[in-house]
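The residues making up each chain are set out below.
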Amino acid sequence: MQEVLTTGRYFRKHYGCNVYKTPISILGFTCPNIDGSVAYGGCVFCENESFSPNLGVQKNINKFYLNPKSKENPFLDSQLLQLESQYKQTKKILEKKFNAQKFLVYFQSFTNTYAPFSTLKSLYDRALSFEDVIGLSIGTRTDSIEKQTLEYLAEKSKTKEIWVEYGIQSVYDETLKRINRGHSVKNVFEYIQLTRQYGIKVCAHLIFGLPGENQSMMLESVKAAIDLGVEAIKIHPLYVVKRTALANDYNAGNFTPISEDEYIDTLVKALKMIPKGMMVQRVSAGISDETLLSPNWCNNKHQQMYNIKKNLKENGLYY
Ligand code: SF4
């Protein structure tokens, strides 16, 4: 039986305790694919509040948006307060539920390097100062990270656990165009290589079941991520939520989500390709509320994970 290096196993091995990520959603962050810098509307599947439960509690606060060209940030104090309160709240839950002992502050929603550097530095520095925090995990796009930010993160990497999470999604330009990704595969390769040259750990996100993709294309994207030398990977199925462009395609009969069987079969093949020592941070995704349109097998994360683990085990993989 081949043991998959999950997040829990990786951190227990390196820190000798339970390390968990605390997801953070900072109001004011946006994405160049939403604010019009590279495109409007975002990726066809993106409805950020569906993916970011912490945004829900902030819905009633007036929205404002920052991008790297913003000259000032009058809301920085409020962003720092949000960061602290979300961290403390999630930390408490994870300690109680999973006996979590150390934490990575996970900047999850939107594009978390897409803001003036002074704002990023204040937020990252504050996050690193919290009790029991060993590092950061920063979700972003390869077209939205400045050299100044990479230099800062490289410096922090010398003493902290610093991860940048890039959405690759697919290494096919025609797919990226179809999902309105707003950047090219070339840009993905260039910035992942650059980030790794700075000595910063990279986690690559891939989606299985993107429009127009077959299994060999999905596995080619996995192979490309491995060839880039990323330290970790996240894989999940594409599901359709309401209020997205993908929902319109689905309702018009122009998109069919991946089946559970095909997803698991592709996942087994993908995990067998992963080299020893490369972390697999995630293999599932779903949403258990009325915003999910399809597929149904993504509406119960526990059942989905149970089926995935069972199938992986039958194929010699211990997740
Ligand atoms: S890059 Fe992320 S935040 Fe931006 S539109 Fe795509 S999914 Fe949404």
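Keep in mind that this is a model prediction, so the values were computed, not measured.

Q: Looking at this structure, how should I read the overall build of the protein?
A: In terms of helices and strands, the protein carries 12 helices and 11 strands. The C-alpha radius of gyration of the protein comes to 19 Å, within 12% of the 20 Å expected for a compact globule of 319 residues. Once the C-alpha set of the protein is aligned to its principal axes, its extents read approximately 50 × 45 × 40 Å. Buried positions account for 40% of the 319 residues belonging to the protein. For the protein, long-range pairs separated by at least 24 residues make up 82% of all intrachain contacts whose partners lie at least 6 apart in sequence.

Q: Can you walk me through the confidence of the model for the protein in this structure?
A: Detailed reading of the predicted coordinates is not advisable wherever pLDDT falls low. Confidence along the protein averages 94 in pLDDT terms, with 95% of residues attaining 70 or more. When the criterion is pLDDT under 50, residues 56-62 qualifies, and its contacts beyond four places in sequence or with other chains add up to 3 contacts.

Q: Looking at this structure, how should I read helix H4 (residues 76-98)?
A: Note on helix geometry: an α-helix contains 3.6 residues per turn, so any two residues three or four positions apart are oriented the same way. When the terminal C-alpha atoms of H4 are compared, their 32 Å separation across 23 residues agrees well with the 33 Å that a helix rising 1.5 Å per residue should span. Where H4 is concerned, the buried positions are Gln79, Gln82, Leu83, Tyr87 and Thr90. Asparagine 99 sits one or two residues past H4 and shows a positive phi near 55°.

Q: Whenever I open this one, the sheet that holds strand E6 (residues 201-208) confuses me. Can you help?
A: Strand pairing in a sheet takes place through backbone hydrogen bonds and is either antiparallel or parallel in direction. Strand order in the open sheet made by the 7 strands is E2-E3-E4-E5-E6-E7-E9, with parallel pairing throughout. Bordering the open sheet on either side are strand E2 (19-24) and strand E9 (279-282), each of which pairs with just one other strand. On average, each strand axis in the sheet is tilted by 25° relative to the strand beside it, whichever way the strands run. Pairing of strand E4 (residues 133-140) with strand E5 (residues 161-169), which is carried by 6 bridges, proceeds in the parallel orientation. Residue pairing in the sheet places serine 137 in a bridge with tryptophan 163 of E5. Together, E6, strand E7 (232-237) and E9 form the strand contacts of helix H11 (residues 260-273), whose direction differs from that of E7 by roughly 170°.

Q: Honestly, the site of the ligand in this entry has me stumped. Any pointers?
A: For the ligand, the set of nearby residues contains 11 residues, the closest of which are Cys31, Asn33, Gly42, Cys43 and Cys46. Here the shell around the ligand is built from residues that sort into 5 nonpolar, 5 polar and 1 charged.

Q: Honestly, the nonpolar core in this entry has me stumped. Any pointers?
A: One recurring pattern in soluble globular proteins: nonpolar side chains tend to sit buried together. Within the largest apolar cluster, 83 residues are counted, with the highest numbers of intra-cluster contacts made by Val105, Ala204, Leu206 and Ile233. Of the residues forming this core, the biggest block, 6 residues, is contributed by E6. Those residues in contact with isoleucine 233 that lie beyond four places of it in its chain are Cys203, Ala204, Leu206, Ala225, Ile274, Met278, Val280 and Gln281.

Q: Sorry if this is basic, but what is going on with the pairing of strand E3 (residues 102-107) here?
A: Within a regular strand, the side chains alternate between the two sheet faces. Of all 6 residues making up E3, 5 are buried, and the element is well covered by its neighbours. Relative to E3, E2 runs parallel, the two sharing 6 bridges. Bridged to proline 23 within E3 is tyrosine 106. Inspection of the sheet shows E3 paired to E4 by 5 bridges, in the parallel sense. Bridge assignment links leucine 104 to a residue of E4, and that residue is glycine 135. The parallel pair E3 and E4, bridged by helix H5 (residues 117-129), forms a crossover whose chirality is right-handed.

Q: Sorry, what's going on with unusual backbone geometry here?
A: The phi angle of most residues is negative, glycine excepted, and most peptide bonds adopt the trans form. Of the consecutive residues serine 294 and proline 295, the connecting peptide bond is found in the cis state with omega at -5°. Even without a glycine there, the phi angle at glutamine 169 is positive, about 70°. Residue placement: glutamine 169 occurs in strand E5. You will see that arginine 243, though not glycine, has its phi angle at about 60°, which is positive. Along the chain, arginine 243 falls in the loop between strand E8 (240-241) and helix H10 (245-251).

Q: Please clarify how the packing of H5 against helix H6 (residues 147-157) should be interpreted in this entry.
A: The relative placement of two packed helices comes down to the angle between their axes together with the axis-to-axis distance. Relative orientation of the contacting elements H5 and H6 amounts to 20°, with a least axis distance of 11 Å. In terms of their interaxial angle, H5 and H6 are classed as roughly parallel. Both H5 and H6 take part in a crossing whose hand is right-handed. Contacts between H5 and H6 involve Phe117, Leu120, Lys121 and Leu128 on the former and, on the latter, Gln148, Thr149, Tyr152 and Lys156. Of the residues in the contact of H5 with H6, the class split is 4 nonpolar, 2 polar and 2 charged.

Q: Would you explain the environment of glutamine 79 in this entry?
A: If you trace the backbone, glutamine 79 turns up in helix H4. For the pair glutamine 79 and serine 144, spaced 65 residues apart in sequence, the C-alpha separation works out to 20 Å. For glutamine 79, the residues in contact, after removing those within four places along its chain, are Ile26, Leu27, Gly28 and Leu123.

Q: How should the environment of asparagine 296 be read in this particular structure?
A: Looking at the secondary structure, you find asparagine 296 in the loop between strand E10 (292-294) and helix H12 (301-314). Overall, the presence of 12 C-beta atoms within 10 Å leaves asparagine 296 in the exposed class. Taking C-alpha positions, asparagine 296 is 9.3 Å from glycine 286, a pair spaced 10 residues apart along the chain.

What counts and what doesn't
Residues numbered from 1 in each chain as written. Predicted model: local features only at pLDDT ≥ 70, side-chain atom pairs only at ≥ 80, totals over all residues. Helix = DSSP H or I, 4+ residues; strand = E, 2+ residues; numbered from the N terminus. Rg over C-alpha atoms; globule rule 2.2 N^0.38 Å. Buried ≥ 20, exposed ≤ 12 C-beta atoms within 10 Å, placed from the backbone. Contact = placed C-beta atoms within 7 Å. pLDDT = per-residue confidence, 0-100. Expected span 1.5 Å × (residues − 1). Pairing = 2+ DSSP bridges. Axes fitted to C-alpha atoms, helices over the stretch in contact; angles between N-to-C directions. Near = placed C-beta within 6 Å. Nonpolar A, V, L, I, M, F, W, Y, C, P; charged D, E, K, R; others polar. Core = buried A, V, L, I, M, F, W, Y, C linked by C-beta atoms within 7 Å. Right-handed = clockwise from strand over helix to strand, strands pointing away. Parallel < 35°, antiparallel > 145°, perpendicular 65-115°, else oblique. Left-handed = near helix turned anticlockwise from the far one by under 90°.

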